[in-house]
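# Summary of structural features
Each chain, written out:
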Amino acid sequence: MSLELLIIIAFGGAFLTYFLGKISSKLRNGFAVLNALALVVMTALFYGQNIEKPIHISFLNIPLILRMNMVSWFFAITIVGIGLLSIIYSLKYIEHEKKLDYYYFTTLFINASMLGTVLCGDLVSFFIFWEMMSWSTYLLISYRGGEKALFAGMKYIIMSIIGSMAMLLGIISLYVNFGTLEITALAAQIQGASLSYILFILIMFSIAFIIINAFWPFHTWLPDAHAEAVSPFSSILSAVLVRKGMYGLYLFMYMIIGLDILNKLTFRGISFNGVFCWIGAITIIFAALTALLQNDSKRILAWSTVGQGGYMILGVAFATSLGMAGGTFHILNHCIYIGLLFFVAGAIEYRTGGIRDLNSLGGLIKRMPVTFTGAIIGVSGLIGLPLTNGFVSKWLIYKTLILGGNPLLAFFAFLGTWGTILYGYKFLHNIFLGQLPEKFRDIKEVPFSMQLPIIILSIMVILFGVLPGLALKVVNAVGTYLGFESLQVTLGGIASETGTLSTVNIFAAVFVACVIIGLIFKVSRRSTKVDQFDSYAAGAAVPKDKYHYTVSFYNPLDRMISPYLKDFVDAFYINLTTFIKNLCSMMRRIYTGYIGNYIMYIVLFLALLILVQLKWSVF
Amino acid sequence: MNIIEIILSPLIALFTGIFFLGLARKIMARIHWRYGPPIYQPIIDIIRLFSQKAMSHGFIFEMGLILSLAGSILVILFLPIGTMCPLSTGGGLLVILYVMLLGPLGIALSGGEAANPNTSIGISRKFILALCYEVPLLLILLTVMTHYNTISIIKIVERQSINGWSFGSLPLLLSGISYVLILPAILGIRPFEVVGAAQEISSGPQAEYGGKYLAFNTIEHGLNEFIGIALFVNLFLGGGDLFGVFSRITNTVFGNIVGIIVFLLKMIIVFVMGLFINAVFPRFRIEQAIKYLWIWPTLLAFIGLIIVIIVN
């Protein structure tokens, strides 16, 4: 089996799905699922292979090169995995929308182009796939139409174009200087370049990758885009598409430029990686505090995506094998639980008629138990509670930061976790806990095809939390491929001289403790089940249906921090756009579009020239 | 040996925690010039509660409580009590920090399903308060970890028995003071009694518990007090060490017992001092608590961290 087949199936499947949709909608749905499944199986089969293969479709005399290695495989499997689940989830979720052929086509096309970005071995095709990804994403963000969605899409595409232009500049410069754009050849040649040139290249590409990763201060597109996109696509956006930026950073920082040069990029104590670490820390804190003030279920998750990106870059930019493992593992973990949480938010939307407002939900645990289980597992992973996957990766990152002698960064990372608890609990409480409003009395659980992705991802969160060794093996292989030392990975965690982690022990302890306490629970006197209105209100009368404390859940904190938490970056961008808009409308006063005016300009100009000539005779 | 420790240390924590609750009532009563209930009153209460009728609000209502108790017990297994630490090689202080989340989170989930707004208000306050004291607490823990250059709490305790208590060493002094300042908030006693404010929100998160649920909640409360103080004693007061007086009998069974007793005595002293603060202060409003916690303890802890970074 060859790599080009994988790419052909990915793109071909997308187009074929579109045309099959013209024949029958069932055929289209079935084919889309099969296509996504085929991609998962095929990608899985490439595990551990190291391929580099030029294909001669010459463009500017540069052949298209496909390659597969551990890093590519790692990102590819997350793309196709989430892609498959998202397609399965869409079957029911999207069923009553219009333009379904277009929806499935774009989703598959985005997946294919993302796959292209991680599988290509030269920068021209990287750029082409990257642009395909950006543009098709724009189409899908604004899929539902409406002012908000169009604005979100516009915000995304403008920022994305800025990033692409920076990247294009870098690519052209590389081509001019080295005459090649093949990644392996570049990696060899760039070692001889001057440090200032390498810094320039790194900054150019980093702009593109920071924007797509939505790190502070380029985070502003993400909350709008994620909240306005349809939920299955929000999953893809948040879980894998945003992390293409991480792939880009891996590619440039560690595969092309390499650790040796990166370590030399230090100017008066400020290193390139150090700057990235601080960007990560600011991103974590800013996003965590902003998220807990949100009242929209998907916006909370969107801000958490911004914040979790900070953890990844903290681990990756710290550039030790432990930190690298933590960062890489966190990419995988984030992909799993944020995908899960967006599916949960989508399930709520699906059953309640599109409600995302956290103040008007409540008590749904009694009606949607499977979704709730998914939500609680997802939120636990997001927080990083022990026995969920997020715990292991965060543990690795913290340990890196503390032993690396950087307690301040560790402090920001820890504090971000507390912010996560606050907004994670708010998400759970306002949707699922508390009292069930009368209007949701007859809500049912979502259909099975929507439950399935939730169940699969929930199991993975727990599995990688209890037996992290399964995934850490792959993560470790990514690290060693990038030139870091190998870690001693065991099935239940990581063993090293400076401190071991054994999740299996923790699991056993919690399990035994739970069983013992549960037994005491059972043998003591049985309790009676009571209605939700049968509660203690210290003698006050209980008004029905108005008895759910959700609105401004963290009000005292909100009042304290919100004056200091203005998103001034976003305000700056908005002001900038308004300024440019005004400038353009001033230009329009001159370019009126009337031929008469233009003739007048010409005549006036000629008159001026004649005047000048008559007076001073310059010509 | 290890199995005995695994069984013994939660039991010690359980009895100490419940003893603390009784002691608190007695001492508070004496400060108020009352006679007060007997010191074993909470034990009687818990036994009585188990036989009383209870009302449940659903599955998570029960599971949350079980989870929070299991979480607290897990923390205790990671905490050295004197020389005894059952899960000594499990990930150290970082894991403790994280497992400590399970307790409040379990109670929050359980209380959430109770569908009582008083409960929800209490939980929201608990989380806000936790976020606020966590800022100085994290700084303090990071300072200690940086100073001793380890993430293992056992090594931190060992170093103190060689070099003297952290509280007495100059680089860590500010952090120690900062920990003392936030200890009432960690224990949830006045002036930080905002979470379980009985007069305002009818005891907050425990409003809906009755019967065995209240019994478990009381146990959980006792364990929480134990954890908060034990962490302080371990990090700053040298664990089970008493100025090296008993250094000759360490590693014997008798030495271990002495270590545990010294440790518990230290805990009692810290707790009683906390009670004195509890007795004389009125309750803060939550905004006042935020302001207090984010200004003085944070400032001290931050300066402490900077000092340690410079010294190292």
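Residues numbered from 1 in each chain as written. Chains lettered and ligands numbered in written order. Predicted model: local features only at pLDDT ≥ 70, side-chain atom pairs only at ≥ 80, totals over all residues.

Our focus in this paragraph is the overall build of chain A. When you go through chain A residue by residue, the secondary structure sums to 24 helices and eight strands. Radius of gyration (C-alpha) of chain A: 27 Å, near the 25 Å computed for a compact globule of 619 residues. By the burial criterion, 53% of the 619 residues in chain A qualify as buried. Put simply, 78% of the contacts in chain A that link residues at least 6 apart link residues at least 24 apart. (Helix = DSSP H or I, 4+ residues; strand = E, 2+ residues; numbered from the N terminus. Rg over C-alpha atoms; globule rule 2.2 N^0.38 Å. Buried ≥ 20, exposed ≤ 12 C-beta atoms within 10 Å, placed from the backbone. Contact = placed C-beta atoms within 7 Å.)

Looking only at helices and strands, chain B features twelve helices and one strand. Along chain B, from the amino end to the carboxyl end, the secondary structure elements read α-α-β-α-α-α-α-α-α-α-α-α-α. By the compact-globule yardstick of 20 Å for 312 residues, chain B fits well, its C-alpha radius of gyration being 19 Å. Taking as baseline every contact in chain B between residues at least 6 positions apart, the subset at least 24 positions apart corresponds to 81%.

Before going further, it helps to spend a moment on the packing of helix α1 (residues 3-23) of chain A against helix α2 (residues 25-45) of chain A. Helix-helix packing: each pair is described by the crossing angle between the helix axes and the interaxial distance. Residues and elements named next belong to chain A. In the contact formed by α1 and α2, the axes pass within 8 Å of each other and the chain directions differ by 170 degrees. Taken together, the axes of α1 and α2 are roughly antiparallel relative to one another. Facing α1, whose interface residues are Leu6, Ile9, Ala10, Gly13, Leu16, Thr17, Leu20, Gly21 and Ile23, α2 presents Ser25, Leu27, Arg28, Phe31, Ala32, Asn35, Ala38, Leu39, Met42 and Thr43. (Axes fitted to C-alpha atoms, helices over the stretch in contact; angles between N-to-C directions. Parallel < 35°, antiparallel > 145°, perpendicular 65-115°, else oblique.)

The next subject is helix α11 (residues 253-280) of chain B. All names here are of chain B. Taking 1.5 Å of rise per residue, 28 residues should cover 40 Å, and α11 covers 42 Å from first to last C-alpha, within 8% of that figure. If you check which residues of α11 are buried, you get Gly259, Val262, Phe263, Leu264, Lys266, Met267, Val270, Phe271, Gly274, Leu275 and Asn278. Considering only its buried residues, α11 is in contact with α1 (2-31), α8 (170-187) and α10 (212-236). (Expected span 1.5 Å × (residues − 1).)

The next thing to look at is helix α19 (residues 448-466) of chain A. All names here are of chain A. Relative to the 27 Å expected for 19 residues at 1.5 Å per residue, α19 spans 26 Å between its end C-alpha atoms, a close match to the ideal helical length. Burial in α19 covers these residues: Met450, Gln451, Pro453, Ile454, Leu457, Ser458, Met460, Val461, Phe464, Gly465 and Val466. Of the surrounding elements, those touching the buried residues of α19 are α3 (70-93), α15 (321-352), α16 (369-383), α17 (389-403), α20 (469-481) and α21 (503-523).

If you trace the backbone, Gln613(A) turns up in helix α24 (residues 595-616). For Gln613(A), the residues in contact, after removing those within four places along its chain, are Val618(A) and Phe619(A).

Another aspect to go through is unusual backbone geometry. Each neighbour pair has its own omega, and for Trp216(A) with Pro217(A) the value is 0 degrees, a cis peptide bond. Cis geometry marks the peptide bond from Arg190(B) to Pro191(B), where omega comes out at 5 degrees. Along the chain, Pro191(B) falls in the loop between α8 and α9 (198-201). Although it is not a glycine, Ala319(A) sits at a positive phi angle of roughly 55 degrees. Structurally, the position occupied by Ala319(A) is in the loop between α14 (297-318) and α15. Backbone geometry places Leu387(A), a non-glycine residue, at a positive phi of 80 degrees. With respect to the helices and strands, Leu387(A) occurs in the loop between α16 and α17.

If you look at soluble globular proteins, the nonpolar side chains tend to sit buried side by side. With 313 residues, the main nonpolar core has Leu314(A) and Ala413(A) as its most contacted residues. It is α15(A) that contributes the most residues to this core, 19 residues altogether. (Core = buried A, V, L, I, M, F, W, Y, C linked by C-beta atoms within 7 Å.)

Attention now goes to the interface of chain B and chain A. Opposite the 59 residues of chain B that make contact, chain A presents 55 residues. At the level of elements, β1 (55-56), α3 (59-78), α4 (92-99), α5 (102-113), α6 (117-148) and α12 (286-311) of chain B are the ones that each hand at least two residues to the side of chain B that touches chain A. Class assignment of the residues belonging to the side of chain B that touches chain A gives a composition of 37 nonpolar, 15 polar and seven charged. Across two bridges, the pairing between strand β8 (residues 528-529) of chain A and β1(B) is parallel. In the strand pairing of β1(B), Lys529(A) is matched with Ser56(B). (Nonpolar A, V, L, I, M, F, W, Y, C, P; charged D, E, K, R; others polar. Pairing = 2+ DSSP bridges.)

Time to look at the environment of Thr16(B). Residues and elements named next belong to chain B. Position of Thr16 among the secondary structure elements: in helix α1. Thr16 sits in the buried class, given 22 other C-beta atoms within 10 Å. For the pair formed by Thr16 and Thr298, sequence separation is 282 residues and the distance between their alpha carbons is 30 Å. Once residues within four sequence positions are removed from consideration, Thr16 is found in contact with Phe226, Leu264 and Met267.

The N-to-C vectors of α21(A) and α3(B) enclose an angle of 130 degrees; their axes lie 9 Å apart at closest approach. Considering their axes alone, α21(A) and α3(B) lie oblique with respect to each other. Here the hand of the crossing between α21(A) and α3(B) comes out right-handed. The segment α21(A) lies against α3(B), with Ile506(A), Ala509(A), Val510(A), Ala513(A), Cys514(A), Ile517(A), Gly518(A) and Phe521(A) engaging Glu62(B), Ile66(B), Leu69(B), Ala70(B), Ile73(B), Leu74(B) and Leu77(B). Of the residues that constitute the contact of α21(A) with α3(B), the class distribution is 13 nonpolar, one polar and one charged. (Left-handed = near helix turned anticlockwise from the far one by under 90°.)

On to the environment of Ala291(A), then. Looking at where Ala291(A) falls in the secondary structure, it is placed in helix α13 (residues 272-291). For Ala291(A) and Ala166(A), which are 125 residues apart along the polypeptide, the C-alpha to C-alpha distance reads 30 Å.

Attention now moves to the confidence of the model for chain B. Averaged over chain B, the pLDDT score is 84; the fraction of residues at 70 or greater is 96%. Both scores are given for the predicted complex: the pTM is 0.90, the ipTM 0.89. (pLDDT = per-residue confidence, 0-100.)

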